[in-house]
Amino acid sequence: MSKMVLTTEGDRHVVVTRQFAASPELVYRAHTEPALIQKWLLGPDGWTMPVCINEAKPGGRIRYEWQDGKGSGFHLTGEYVELVPFSKIVHVERMHLPDPTPDNHVETRFDADARGTLMTMRMTLPNAQTRTAMLATGMEHGMEASYVRLEKIF
Amino acid sequence: MELADPFEMTQPAVSRHLKVLEGAGLITRRVDGAKRPCRLDNRGIKAIEQWLAVMHKALARNYDRLDNVLADLQRATSKGEPP
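Keep in mind that what you see is a predicted model, and the values were worked out from it rather than measured.

A closer look at the overall build of chain A
Across its full length, chain A holds four helices and eight strands. For chain A, the N- to C-terminal ordering of α and β elements is β-β-α-α-β-β-β-β-β-β-α-α. For chain A, with 154 residues in total, the buried portion stands at 23%. The long-range fraction of contacts in chain A, counting pairs at least 24 apart against all pairs at least 6 apart in sequence, stands at 37%.

Listed below in structure tokens is the structure:
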């Protein structure tokens, strides 16, 4: 199991690194093919992504809709800026909570390493108002339950 | 006033810096006669730390799930099936 590292960079960025035991091609596909994205980009326990639009081309649209199974949910929209298969994705995204949050510029790199792929994702650190709105989605609830469920399934 | 003394900066310039720190929740200022004493306030830092911790959990959870998606893809690929 590889450990994810999340750090801040300067005042305005967050950098996430994570190692995967799979080729950059597979990790890239899991980030751009809706049928694959819907299996993992879900957040807390009980959440699903019934709508996943992902047009993986420059200018292509992104729309993810999440539901918590209890009548609540929110969605995210975005656009692709640059794609270099299978090594780099640049896109812009914003959450609708329900008001749109300021644009988050995200650059994701997939570099081959000895064990598979090292992913590096660099994004905008949201402002205080956006952070509060994000926490209010209930993102933090059910995390412990999620780990229990993960143990049960796998 | 006293805060500005050690700096080669005008007092109004120091005030502007303090205003930014106050807006970010890193210091608090109160009025004491003609003085505006400042105190360090870690609420701003705590709020960011809380968000980072929640974000860390949410992302780590997603990527643990992605490990399993990738393992399935690899199994399908090695069997020669369309993944």
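What follows picks up the thread again.
Points about the domain arrangement of chain B
Looking at chain B, the domain boundaries give domain 1 (11-40) and domain 2 (43-83). Here the C-alpha centre of domain 2 of chain B lies 42 Å away from the C-alpha centre of domain 1 of chain B.

Describing the sheet that holds strand S6 (residues 88-96) of chain A
The strands that make up a sheet pair up through hydrogen bonds in the backbone, lying either parallel or antiparallel. Residues and elements named next belong to chain A. Pairing is antiparallel in the open sheet, where eight strands are placed in the order S1-S2-S8-S7-S6-S5-S4-S3. Since the sheet does not close on itself, it has two edges, and those belong to strand S1 (5-9) and strand S3 (48-54), each with one partner. When strand polarity is set aside, the average angle formed by the axes of neighbouring strands in this sheet is 20°. Bridge analysis of strand S7 (residues 104-113) against strand S8 (residues 116-124) gives seven bridges, and the strand direction is antiparallel. Considered in S8, the bridge of Asp111 is made with Leu118. Running over the sheet, helix H1 (residues 24-32) touches strand S2 (13-20), S3, S6, S7 and S8 and is turned about 155° from S7.

Focus: the confidence of the model for chain A
As a general rule, the predicted coordinates of low-pLDDT regions are not to be interpreted in detail. When the pLDDT values of chain A are averaged, the result is 87; 88% of them are 70 or greater. For chain A, per-element mean pLDDT is lowest for helix H4 (residues 143-153) of chain A, which scores 44, and highest for S7(A), which scores 97.

Thoughts on the environment of A:Thr7
Among the structural elements, A:Thr7 can be located in strand S1. Residue A:Thr7 is classed as exposed on the basis of its 10 C-beta neighbours within 10 Å.

Some remarks on the confidence of the model for chain B
Scored by pLDDT, chain B has a mean of 85; 94% of the residues are at 70 or more. In the model output, the complex is listed with pTM 0.79 alongside ipTM 0.84.

Here's the deal with the interface of chain B and chain A
Contacts between chain B and chain A engage 22 residues on the former and 24 residues on the latter. Among the residues making up the side of chain B that touches chain A, the classes are represented as 13 nonpolar, four polar and five charged.

Focus on the environment of A:Glu107
Residue and element names in this part refer to chain A. Looking at the element boundaries, Glu107 is found in strand S7. Separated by 14 residues in sequence, Glu107 and Glu93 have C-alpha atoms that sit 11 Å apart. If sequence neighbours within four positions are ignored, Glu107 has contacts with Val90 and Arg122.

A look at the packing of H1(A) against helix H2 (residues 43-78) of chain B
At a minimum axis distance of 10 Å, the contact between H1(A) and H2(B) shows a crossing angle of 120°. When the interaxial angle is binned, H1(A) and H2(B) end up oblique. Judged by the sense of rotation from one axis to the other, the crossing of H1(A) with H2(B) is right-handed. Between H1(A), through A:Leu26, A:Val27 and A:Ala30, and H2(B), the contact on the second element is made entirely by B:Leu66, B:Val69, B:Leu70, B:Leu73 and B:Gln74. Considered class by class, the residues forming the contact of H1(A) with H2(B) number seven nonpolar, one polar and no charged.

Here we look at the pairing of S1(A)
Residues and elements named next belong to chain A. Buried residues are scarce in S1, accounting for zero of its five residues. Of the strand pairs in this sheet, S1 and S2 are connected by five bridges, and their pairing is antiparallel. Residue pairing across strands places Thr7 opposite Val15, the latter belonging to S2. Taking the residues that link successive antiparallel strands as the turn, the S1-S2 hairpin has three residues, and the phi of Gly10 there is positive, at about 60°.

Quick notes on the rules
- Each chain has its residues counted from 1, running along the sequence as written.
- For naming, the first written chain is A and the first written ligand is 1, with later ones following in the order written.
- In view of the model being predicted, local features appear only for residues whose pLDDT reaches at least 70, and side-chain atom pairs are presented and counted only at 80 or more, with totals across whole chains, interfaces and linings using the full set of residues.
- Helix and strand definitions follow DSSP, with helices as H or I runs of at least four residues and strands as E runs of at least two, each counted in order from the N terminus.
- Here the C-beta atoms are placed from the backbone, and a residue counts as buried if at least 20 other C-beta atoms lie within 10 Å of its own, exposed if 12 or fewer do, and partly exposed otherwise.
- Each residue gets a C-beta atom placed from its backbone, and two residues are in contact if those atoms lie within 7 Å.
- Throughout the structure description, domain borders are defined by an automatic or database domain assignment.
- In this analysis, strands are considered paired if DSSP registers two or more bridges between them.
- In this analysis an axis means a line fitted to C-alpha atoms, helices contributing only their contacting stretch, and an angle means the value between N-to-C directions, from 0 to 180 degrees.
- The predictor's confidence in any single residue is recorded as pLDDT, a number from 0 to 100.
- Residues are grouped as follows: Ala, Val, Leu, Ile, Met, Phe, Trp, Tyr, Cys and Pro are nonpolar; Asp, Glu, Lys and Arg are charged; all remaining types, including Gly, are polar.
- Here roughly perpendicular refers to angles of 65 to 115 degrees, roughly parallel to angles under 35, roughly antiparallel to angles over 145, and oblique to all remaining angles.
- Whether a crossing is left-handed or right-handed is set by the direction in which the near helix is turned from the far one by less than a right angle, anticlockwise for left-handed and clockwise for right-handed.

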